[in-house]
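Chain by chain, the residues run as shown.
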Amino acid sequence: MNPGVVAAAAASPPVRNLAGNPLFQVAQRGTSFAGLTGSTQTLDRYRWVDTGTTSCVVTITQDTDVPTIAQAGKDLRNSLKIDVTTAETLGTDERVYLEHNIEARDCVPIGIGLAGAQTITYKIWHKSTKTGVYNISMQNMDGSRQYNREITVGTTNTWEQVSTTFPTETSGTGPSDDNGVGLTFMITFA
């Protein structure tokens, strides 16, 4: 599955796009990660996570297959491509997902944990060889809440954009003003 460009942004100004590197132009750790069988940091800010006792194997690469400018309204340049090289039917203790962490200090302007906290809209371009449903989750790492949304892949081998909005806590604990993880987004494939 190719998650394409991932962008998390607050619903209203002045909070900026929180994704950091949404065009996959920065690849400090490399552009190709072959034979992944466990949890591994891949393209900048994205981590492949394989839990349990899976025998699933994937290769993650920076790819130039992207939606057209006419589709996206801008030049997206690169995407993150996940190629399953060894498939498996996962058991109940197993899960595979792509994780994207947002630094806590970048989340502070959203006001999580305060009255009037902004919602967060997560947009993703995806292209898959199979139709079906996958899950996108957002978790407040300094708080205790996690929100889940199902996303449907309706057409094979076609770029599609989906957008889902997550609520944020208006009381309780919001992200700290530090360089720890403030929000984690997880795209769960199986």
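Up top is the structure these notes are about.
Residues numbered from 1 in each chain as written. Predicted model: local features only at pLDDT ≥ 70, side-chain atom pairs only at ≥ 80, totals over all residues. Heavy atoms only, no water.

S.K.: Please explain the pairing of strand β8 (residues 120–126) as it appears in this structure.
M.R.: Along any regular strand, the residues point their side chains to alternate faces of the sheet. Summarising burial for β8: six of the seven residues are buried, a large majority. In this sheet, strand β11 (residues 160–166) lies alongside β8 in antiparallel orientation, the contact comprising seven bridges. Bridge assignment links His-126 to a residue of β11, and that residue is Glu-160. (Buried < 20%, exposed > 50% of the residue type's maximum accessible area, 1.4 Å probe, protein only. Helix = DSSP H or I, 4+ residues; strand = E, 2+ residues; numbered from the N terminus. Pairing = 2+ DSSP bridges.)

S.K.: Can you help me understand the packing of aromatic side chains in this one?
M.R.: Given two aromatic rings, their pairing is described by the distance between the two centres and the angle made by the two planes. This structure, assessed with the given rule, holds four aromatic pairs. Summarising the aromatic geometry, the rings of Tyr-122 and Phe-185 are spaced 4.5 Å apart at their centres and angled 25 degrees between planes, so their arrangement reads as stacked. Residue Tyr-122 is located in strand β8, and its partner Phe-185 is located in strand β12 (residues 181–188); the two are separated by 63 residues in the primary sequence. The buried category is assigned to Phe-185, whose relative accessible area is 1%. Considering the side-chain rings of Tyr-134 and Phe-189, the 6.1 Å spacing of their centres and the 35 degrees angle between planes classify their relative orientation as tilted. Of this pair, Tyr-134 sits in strand β9 (residues 132–140) while Phe-189 sits in the segment after β12, and the two are 55 residues apart along the sequence. When its relative accessible area of 4% is taken as the criterion, Tyr-134 is described as buried. For Phe-189, a relative accessible area of 21% gives the class partly exposed. (Phe/Tyr/Trp six-rings, centres within 6.5 Å; stacked < 30°, edge-to-face > 60°.)

S.K.: Sorry, what's going on with the sheet that holds strand β6 (residues 79–86) here?
M.R.: Either a parallel or an antiparallel arrangement is found when strands of a sheet pair, and the pairing is made through backbone hydrogen bonds. If you walk across this open sheet you meet the three strands as β2-β5-β6, and the pairing is antiparallel. This sheet does not close on itself; its edge strands, each paired only once, are β2 (32–36) and β6. Taken pair by pair, the neighbouring strands of this sheet meet at an average axis angle of 15 degrees, ignoring direction. Two strands pair when backbone bridges link them, and β2 and strand β5 (residues 57–63) are joined in this way by three bridges, in the antiparallel orientation. Along β5, the bridge assignment pairs Ser-32 with Thr-61. (Axes fitted to C-alpha atoms, helices over the stretch in contact; angles between N-to-C directions.)

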